[in-house]
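Report on the structure
Residue strings, one per chain:
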Amino acid sequence: MKRKLLNLICCFMVIVLSFSTSGCNRQETVTDLWEDAIYKEDAELGGGAKTVMVEVVVEDKSVTFTIHSDKATLGDALVEHNLIEGEQGAYGLYVKKVNGITADYDINRCYWGVNKNGEGLMSGVDAIELEEGEHYEFIYVKPE
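Attention in this report is confined to the structure presented alongside it. Note that the structure is predicted; figures quoted are calculated from it, not measured. (Residues numbered from 1 in each chain as written. Predicted model: local features only at pLDDT ≥ 70, side-chain atom pairs only at ≥ 80, totals over all residues. Heavy atoms only, no water.)

**Considerations on the layout of surface pockets**
In this structure, the largest pocket encloses a volume near 360 Å³. Considering the residues around the largest pocket, the lining is formed by 17 residues, among which Leu93, Tyr94, Trp112, Ser123 and Gly124 are closest to the centre. Looking at the lining of the largest pocket, the elements with two or more residues in it are β5 (92-98) and β7 (111-116). (1 Å grid on protein atoms, 1.4 Å probe; cavity = no way out; pocket = protein on both sides within 12 Å on 5 of 7 lines; lining within 4 Å. Points joined across faces, edges and corners; volume = space filled by probe spheres on them. Helix = DSSP H or I, 4+ residues; strand = E, 2+ residues; numbered from the N terminus.)

**Remarks on the sheet that holds strand β4 (residues 84-89)**
Read across the open sheet, the three strands follow the order β4-β5-β6; overall the sheet is antiparallel. The open sheet has two free edges, formed respectively by β4 and β6 (101-102), since each of these has just one partner strand. Pairing geometry for β4 and β5, over six bridges, is antiparallel. Considered in β5, the bridge of glutamate 85 is made with lysine 97. (Pairing = 2+ DSSP bridges.)

See the structure below:
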């Protein structure tokens, strides 16, 4: 009788543990990530002299912003329109949110990669000069 009770308790514990840890391994889907997006469709923002395109790419979905700004840097132009958020660090603004979508390496091991005309940039958004007609991309990077 004690053995059956012990086996029953062990089975119950295995079931409880499998349900309690299943949420820890859950992978965010593209739909989940886009739920927090400020814009889910292309948009035109601002009224400044310089015009640039900023594309936000999360897996197979993207949205493009046509931004008109008088700001000197890409970072300032995006902050001006509440499109990015982050923390100031030794290398400038560490971008953690783009268009309301969070990619925080400390939380989910994801981060935002920044490209200009398809080429990866090695400087922060504070150091990227806003240049007329350029195409910038913020790509949600999720390491395997």
